[in-house]
Amino acid sequence: GHGQIMSNNMPVISNLGQDKVVKSSAIAPDGHSLCVGFSDRVRFYRILLNKFRQFGEYPIKNTTLIHYSHGGQLVAVIHGKGTNSSLSIVNTLNLR
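Residues numbered from 1 in each chain as written. Predicted model: local features only at pLDDT ≥ 70, side-chain atom pairs only at ≥ 80, totals over all residues. Heavy atoms only, no water.

A. Expanded view of the environment of I47. Structurally, I47 is set in strand 5 (residues 42-47). When its relative accessible area of 26% is taken as the criterion, I47 is described as partly exposed. Separated by 20 residues in the primary sequence, I47 and I27 have C-alpha atoms spaced 9.2 Å apart. Once residues lying within four places of it in the same chain are set aside, the contact partners of I47 are I27, G31, H32, S33, L34 and F52. (Helix = DSSP H or I, 4+ residues; strand = E, 2+ residues; numbered from the N terminus. Buried < 20%, exposed > 50% of the residue type's maximum accessible area, 1.4 Å probe, protein only. Contact = heavy atoms within 4.5 Å.)

Right under this line is the structure:
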């Protein structure tokens, strides 16, 4: 659904304060951050006890895959379609 992140087909997040479809997502290895790709940008959230707080964003459009590095400091984002796909690397330390 709109603005939902699914885990085993169960909604984990029902509202990120967005009325947009989630294209891709990943949780940081430490479990404290979440990266969510929407059609127009990628947003980073802190996972708090009962809510999510946005702490950064990048204007990367149409993400198809997001993956954190083992240490969580870098995020690889695949975006675009078919032969026009690109890879962007985001340093999460620059978002703080």
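B. Up close: the environment of V90. For V90, the position within the fold is in strand 9 (residues 86-91). For the pair formed by V90 and V77, sequence separation is 13 residues and the distance between their alpha carbons is 7.7 Å. If we skip the residues at most four places from it in the chain, V90 touches F44, Y58, I60, Q73, L74, V75 and L95.

C. Local environment of the packing of aromatic side chains. Evaluated as defined, the whole model comprises one aromatic pair. A centroid spacing of 6.1 Å and a plane angle of 55° characterise the contact between F44 and F55, whose relative ring orientation is tilted. Of this pair, F44 sits in strand 5 while F55 sits in strand 6 (residues 52-58); the two residues are 11 residues apart in sequence, bridging distant segments of the chain. Each member of the pair F44 and F55 is classed as buried. (Phe/Tyr/Trp six-rings, centres within 6.5 Å; stacked < 30°, edge-to-face > 60°.)

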